[in-house]
Each structure stands twice: as C-alpha cells, then as structure tokens.
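# Understanding the architecture of this molecule
As a plain string of letters, each chain reads:
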Amino acid sequence: MQQLSFWKDLSRYRQMYLLALPMILFYLIFVYVPMYGIVIAFKDYSVVQGILKSPWAGLEHVKAVFANPFFQRAFVNTLLISLGKIIFGFPVPVILALLLNEVRHRWFKGLFQNIMFIPYFLSWVVFAGIIENLFNGSGLINGIRAGQSLEVIPFLAEGNWFLGILFVSDIIKGAGWETVVYLAALTSIDPHLYEAAESDGASRWKQTLHITLPGIASTVVLLLILRVGYLMFAGFEQVFSLYSPIVYGVGDILDTFVYRMGIEQGDYSFAAAAGLFQGLIGLILLFTVNQIAKKTGSPGIF
Amino acid sequence: MINRSPWYSQAVLIGILTLFMLAILFPFYYVITISVMPNENYVSKAFHLFPDGFTLDYYKLIFNDNRLVNALGVSVFVTVVGTFLNVVVTGAGAYVLGKTHLRLHRTLNLMVIIPLLFGGGIIPLYLVIRALNLTNSIWGLIIPFLCNSFYVILMKNFFASLPVELEEAAYIDGAKEIKTFSRIIVPLSKPIMAVMTLFYGVFHWNEFFWSGILVAPDKYPMMVLLRQLIRRVDTQMQVQLPGLIPMSLTSAIIIVMVVPIILISPFIQRFFIKGMVVGAVKA
C-alpha cells in the first residue's frame, strides 16, 4: 500500500491515533522521559535545578560507582543470586512437569496444577510474612528446636541460610507457573509418537527421553534464555521484602543498592549511574543470549 | 497408553508431587492457625500445629481499626480504578499497534518493545513522577503504571487473531475507527479483557514498592502496611493498637490479602492452559 505523507496519514487516521493517544502519552512521559533522565548519571543532579538545568559532571559519577566497594559487592551478589536461582530453580519445573505428565489420575493432575499455580500470583510481602512466621527467631522451626533445647538458627540473619531461603522461596513461588507453561507445551506433542514408540518396544523412560523432552525442548530453551537474559535482575521485590543490613554482605543486589543510594540517601546521580550500568549490561546480555539461542536453532525471543 | 506403568510407580510419583504440594500448603495452614487463635495462647507455647482456642478478633480488627480500613480501601480503589484504566488504555493502544497501514506503525511498535530490553532503572522514573507532582496523590499509584509492554503485546496478538472481515464490513457500512473498535472489536475481546483485568488487578493488589515511596503514610495501601508490620519498622501501629503482638494481626492481614488471589487463580490458570500466554511470550 502506498504510504501517505506524515500529516495526511495523521489526519486520515486521526481516530486511530486518538485511540492510541493515552498509551503513547504514557510511554513518552513514563518511559522515554525517564530514559532521557538517565543523563543525570553524567550530571550533578540537584532537586532545585531539575534534570535539564543541573550542571554536567562528565564521568565523575560513573567512576565513583565503579570504585565503590558496595557497588562491586552488589554486582557480584546479583550474579551469584541469579545464577543460584537458575542452577537450583530452573530444573525443578521441568522435572515436575515430566513427573506430572506420567500421572494417570486426571483429578490429581488438576488438583496439583491448581495449587502449584497460586503462589506465583501472591505478593512477595505475603511470602515475607509467611517466611517470618516459619523461620524467624520465634517462628515455627526455631520454636520446635527450642522445645528440644537446640540452639536458634538465624535463618534470615546469616548469609548462607539467607541465600537458601531466597532460592527455596523462589522455587515455591515460581515453579508452579513454569510447570504449567511446560504442561501447555506437552499437550502439543503428537500422541502418535508415543504409540509408535510403544510398538517399537520403548520403555516409559526411553519415551520421556526421546519424545517428551525433545517435545518441550524449545520451551525449555526459551525460558532459559529469558532467565539468563535477565541475569542482572535478581529479584528486587523478593530481596527487598526479606533482607536486612545483617545480610547485605551476600544479599544486597544492584536493585536494592540503587534504591538505597538514590531514594533513601538522595544521591540521585550516583544511583542513576549504577542503574544505567545495570540496564546496559542487561541489554547486552539479552542480545548475546538471543543470538546464541538463534545459532542453536531456537527462534529466540526477538 | 498401552504400556501402563505399575501401580507402585504411580504411588511414588503421586507421593513426590504431594510432598511438593504440602510444602506450598502447609505455610498457609500455619498462618491461618496463628490468625485464629488468641494471641496469649500463641505466645505461651513455642509452636502450635493446631489452633489453641479460637477467635476472630484479629479479622474484626482489620475491618474496625481506622488505619487498616483506610489501607484496605486504598488497595481496593487502586486495584479497581487502576485496573479499569489499564485495560482501557492498553486495549485501545494495542488495537492500533496491529494496524500495519499506519505510517507510524513501526515506530509505535518499537516504542512498546524497547522497554522490555532496556530501562533506565527506578531513579529517573521516580524523579519524573515527583516532578509531575504525582507523589502524595492516589493517582500517583495509577497513572505512572498504565501500560505494561508485555501485556500490550499480548493484547495486540489477540486482536491479530480476530477475523479482519468484520472490521472491513464495518468500514464499508461507514463506521469510523473508534466506533468499529468499541462496537465490533471490544465485544469480541472479552477473553483477553478478562485476562488483562486479572493480571493488572494482581499487579495493583500486590504492589508495595512504589506505593511505599510515592505516597504519604495516610495513603498507604494494605501491602505497604503489611510489609511494615512484618518488618516491625512501624512503631506508630503498636501505639495505636496497644497490647497486640503483630504476629497474630499480620497473619490475619496476610489471609485477607491472599483470599482474593486464591479465588481468581483458577480463572488465570484456565487461560494459561489454553496456551494464550505461552504463545505470546515471543514479542
């Protein structure tokens, strides 16, 4: 179709653009103005002067960010927590989906899916409350231990326990959702494949290995590249709900670091520089992972 | 399937999966237990597997204490009004994104996709919201969160699956775009509208980070208050409600905030199973 000139297009399709206008305004004001606002990373932002009029500071804040040991710590923690979640958490829904696929009782499948699915939609605040109930100094676990005269375990105040709580609660919250995604992928496998394998004498295990797994492989790859692509985002709401200064050593991630430096301490330029670094690495990761996935024959995410 | 696995392997399977289910269910059972037993009984013993006594006082308190009622009201308002605006703005915008004959078609689609790949972080957004004087107004919890790119794309994909003939017929009858959208497209889009209502609704109901930094304490939604109670950063609350140990009250609030989510989750799941969301992960 011949394209109209800009103004003719606008006037011919003004009703279309009118429909999209609220969304366009939203994106301009709350996505692209803030994206421009990143320039404060290269300025000495002052509340009085605002984004535009604050004086330029060059790379001063960027250098300060890189030299900051707490930033370096947050960067390392972000990577470790994200990787830990992938290593411990990623296989769980795959295994659950494969197990559930072998269950013959339909009612059980339905029940399991319904219950597994709920935690994903609950707030991390709710989870934090439940975790406190169970694991804090006077919680259920330590209550039972106290009854047996065992010492109190500082689940939320000791680094390794804290990481364990992060990994396990992430699985409890997210595994059901991903299991349902895999189950949806499983339904697209042609049942004839199984029948053919049967008649060739393949065992259930062999069928799982050669039909079921390849059948969901593309979904597995898709969810894996999404996870690796968002490696820089280790779960802000989760950590923010659960951490405390005692566990900053292992638990402070880039998001929480940016929040504290910017919103709590008011060092906006420094925090914006740290946030910019996080966003850029995230962008590079997404592109890299997507390219690698495409090389291996996956359609990729974009 | 012909080659049936023996009964004992079924039993093992169901056993493993049931354990996983219990790991999810037990914590909720425990929270309910704490929320319905008198606080003095709760603190008298180290742990309880069953409620020791029974009371609904903490639930009554949620609906009687001014500050808690107010917070629940804010949560409901932001969820209802916010979600309505989310669905309207997202729906109308997503519809236009699918119109390839528009000159700005590519630009508009890029505009929506870019934020999925790169964001400036929370600081610039916070400064913009503050510069617009949206802080300290309940609208500050709604307007800056009108569209989510992932959901915009989901809706766009849904509209793309509708037959074009209906729209063409409407145009031939002389209907304009807005009328075509509201009379033809919207009635056909009830399933996606339902999904969007659930997703955006869950977002608003659960949101606590931005709510906690954007508005003054008298406009806090319940999630922010709950977080403060859990983290015991709020001394004001304890002064206001003397003699209460937060654990019983927070447990009751947790249950009140969880019940709506449990009620809607089967509906969300139904749409998931249909593969709607899975197919739309790819932008």
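Counting from 1, residues in each chain are numbered in the order their sequence is written. Labels are handed out in written order, letters beginning with A for the chains and numbers beginning with 1 for the ligands. The predicted nature of this model means local features are confined to residues of pLDDT at least 70 and side-chain atom pairs, given and counted, to a pLDDT of 80 or more, with totals for whole chains, interfaces and linings taken over all residues. The basis for every side-chain value is the complete set of heavy atoms in the structure, and neither hydrogens nor water enter the calculation.

### Overview of the overall build of chain A
Threshold: Only DSSP runs of H or I with at least four residues qualify as helices, and only runs of E with at least two residues qualify as strands; both kinds are numbered from the N terminus onward. Each radius of gyration reported is based on C-alpha atoms, and the globular scaling rule is 2.2 Å times the count of residues to the power 0.38. Each residue is placed in one exposure class: buried if its accessible area under a 1.4 Å probe, protein chains only, is under 20% of its type's maximum, exposed if it is over 50%, and partly exposed if it falls in between.
A tally of regular secondary structure across chain A gives 16 helices and zero strands. Radius of gyration (C-alpha) of chain A: 25 Å, far over the 19 Å computed for a compact globule of 302 residues. Projected onto its principal axes, the C-alpha positions of chain A cover 75 × 75 × 35 Å. With 302 residues in all, chain A has 54% of them scored as buried.

### Considerations on the UniProt feature "transmembrane region" (unreviewed entry) in chain B
Residues and elements named next belong to chain B. Applied cut-off: UniProt positions are given in the numbering used here, feature names are shortened, and annotations may be inferred rather than shown by experiment.
Within this structure's numbering, the places UniProt gives as "transmembrane region" (unreviewed entry) are residues 12-32, 71-98, 110-132, 138-159, 180-202 and 247-268. Helix and strand shares over residues 71-98 are 96% and 0% respectively, and the end C-alpha atoms of the span are 39 Å apart. Note that residues 138-159 is 50% helix and 0% strand, and that its end C-alpha atoms are spaced 32 Å apart.

### A few points about the confidence of the model for chain B
Do not read the predicted coordinates in detail wherever pLDDT is low. Residues and elements named next belong to chain B. Rules: Values of pLDDT, the confidence the predictor places in each residue, fall between 0 and 100. Only heavy atoms matter for contacts: two residues are in contact if any of them lie within 4.5 Å across the pair.
Chain-level statistics for chain B give a pLDDT mean of 87 and a share of 89% at 70 or above. Summarising per-element confidence for chain B, the mean pLDDT is lowest in helix 15 (residues 276-280) (46) and highest in helix 4 (residues 66-97) (96). Low confidence marks residues 277-283, where pLDDT is under 50. Its contacts with residues over four positions away, or in another chain, come to 17 contacts. The complex prediction reports pTM at 0.91, with the ipTM value standing at 0.91.

### Concerning the pattern of salt bridges
Residues and elements named next belong to chain A. Formally: Each salt bridge in this description consists of a side-chain nitrogen of Lys or Arg and a carboxyl oxygen of Asp or Glu lying within 4 Å of one another.
Evaluated as defined, the whole model comprises seven salt bridges over all chains. Of the charged contacts in the structure, one is a salt bridge between R260 and D252, with a shortest N-O distance of 2.7 Å. Grouping residues by exposure puts R260 and D252 together as buried. Counted as one network, the salt bridges with shared partners bring together R73, D252 and R260.

### Concerning the UniProt feature "domain: ABC transmembrane type-1" (unreviewed entry) in chain A
Under the UniProt annotation, "domain: ABC transmembrane type-1" (unreviewed entry) lies at residues 75-289 of chain A. Taken end to end, residues 75-289 of chain A is 77% helix and 0% strand, and its two terminal C-alpha atoms sit 19 Å from one another.

### So, a nonpolar patch on the surface
Quick note on the threshold: Surface patches are drawn from residues lacking salt bridges whose relative accessible area is over 30%; two like charges belong together within 9 Å, two nonpolar side chains (Val, Leu, Ile, Met, Phe, Trp, Tyr) within 5 Å. For every accessible area listed, the method is Shrake-Rupley and the probe measures 1.4 Å; residues are considered covered only by the protein chains on display.
A grouping of L18(A), L21(A), L25(A), L28(A), I29(A), L132(B) and I178(B) is seen on the molecular surface, where their side chains present a nonpolar patch of about 550 Å² in accessible area. Tallying contributions element by element places helix 2 (residues 14-37) of chain A first for the nonpolar patch, with five residues. Along the polypeptide, I178(B) turns up in helix 9 (residues 177-188). What makes I178(B) partly exposed here is its relative accessible area of 31%.

### Brief notes about the domain arrangement of chain B
All names here are of chain B. We apply this condition: In this document the domain limits rely on a domain assignment from an automatic tool or a database. Take the accessible area each of two parts loses on contact, using a 1.4 Å probe, and add the two losses: that sum is the buried area. Pairs of N or O atoms within 3.5 Å make up the polar contacts considered here, provided that, within protein, one atom can donate a hydrogen while the other can accept it, and that residues adjacent in sequence are counted only when both atoms are side-chain atoms.
If you check the domain split of chain B, you get domain 1 (1-55) and domain 2 (61-280). Taken residue by residue, the interface counts nine residues in domain 1 and eight residues in domain 2. Across the domain 1/domain 2 interface, buried area totals approximately 720 Å², and carbon plus sulfur atoms make up 72% of it. Considering only the surface of domain 1 that becomes buried against domain 2, V31, S35 and N39 emerge as the three largest contributors, covering 53% of it. For the pair domain 1 and domain 2, the number of links is zero salt bridges. Taken together, the links from domain 1 to domain 2 amount to one residue pair in polar contact (both at pLDDT 80 or more). Broken down by secondary-structure element, the contributors of at least two residues to the side of domain 1 that touches domain 2 are helix 1 (7-35) and helix 2 (39-44). For the side of domain 1 that touches domain 2, the element with the most residues is helix 1, which contributes five residues.

### A few points about the domain arrangement of chain A
Reports often express the size of an interface as the amount of accessible area lost when the parts come together. All names here are of chain A. Put simply, the rule reads: Charged residues are taken to be Asp, Glu, Lys and Arg, nonpolar residues to be Ala, Val, Leu, Ile, Met, Phe, Trp, Tyr, Cys and Pro, and polar residues to be all remaining types, Gly included.
Per the domain assignment, the segments of chain A are domain 1 (6-53) and domain 2 (60-295). Between domain 1 and domain 2, the residue contacts involve eight residues of the former and eight residues of the latter. A buried area of about 630 Å², summed over both sides, lies between domain 1 and domain 2, and 69% of it is on carbon and sulfur atoms. Applying the counting criterion to the domain 1 and domain 2 interface returns zero salt bridges. Summed over the shared surface of domain 1 and domain 2, the result is five residue pairs in polar contact (both at pLDDT 80 or more). Residue composition of the side of domain 1 that touches domain 2, by class: six nonpolar, no polar and two charged.

### Things to note about helix 8 (residues 124-135) of chain A
Residue and element names in this part refer to chain A. Short version of the rule: Expected helix span is computed as 1.5 Å times (number of residues minus one).
Compared with the 16 Å implied by 1.5 Å per residue over 12 residues, the 16 Å span of helix 8 between its first and last C-alpha is a close match. Here helix 8 lies mainly inside the structure; 11 of its 12 residues are buried. Where helix 8 is concerned, the buried positions are W124, V125, V126, F127, A128, G129, I130, I131, E132, N133 and L134. Where helix 8 begins, the capping side chain belongs to S123, and its oxygen is found 3.1 Å from the backbone nitrogen of V125.

### Comments concerning the nonpolar core
For the record, the criterion: The set of buried Ala, Val, Leu, Ile, Met, Phe, Trp, Tyr and Cys residues whose side-chain atoms join them within 4.5 Å is what this entry labels a nonpolar core.
Judged by nonpolar contacts, the single largest core of 191 residues is most densely connected at I123(B), M196(B) and W210(B). It is helix 10 (residues 159-186) of chain A that contributes the most residues to this core, 15 residues altogether. Among the nonpolar cores identified, the runner-up in size contains six residues, and I225(A), V289(A), A293(A) and I301(A) belong to it.

### Digging into the UniProt feature "transmembrane region" (unreviewed entry) in chain A
All names here are of chain A. The feature "transmembrane region" (unreviewed entry), as annotated in UniProt, sits at residues 16-42, 79-99, 111-131, 211-233 and 268-289 in this numbering. Helix makes up 71% of residues 111-131 and strand 0%, and the two end C-alpha atoms of the span are 24 Å apart. Here residues 268-289 is 100% helix and 0% strand, with 31 Å between the C-alpha atoms at its ends.

### Digging into the interface of chain B and chain A
Taken together, the contacts link 101 residues of chain B with 106 residues of chain A. Between chain B and chain A lies a buried interface of about 9,400 Å² when both sides are counted; carbon and sulfur atoms form 76% of it. When the buried area of chain B at its contact with chain A is split by residue, L17(B), R103(B) and F118(B) rank highest and sum to 8% of it. Across the chain B-chain A interface, the total number found is 17 residue pairs in polar contact (both at pLDDT 80 or more). Here the element with the most residues in the side of chain B that touches chain A is helix 1 of chain B; it accounts for 17 residues. Its residues assigned to classes, the side of chain B that touches chain A comprises 76 nonpolar, 14 polar and 11 charged.

### Remarks on helix 2 of chain A
For clarity, the cut-off: Fitting one axis to the seven residues ending at a residue and another to the seven starting there, the bend at that residue is the angle between the two axes.
Here helix 2 of chain A spans only 30 Å end to end across 24 residues, well under the 34 Å set by a 1.5 Å rise per residue. Largest kink in helix 2 of chain A: about 50°, centred on L21(A), with the proline P22(A) one to four residues after it.

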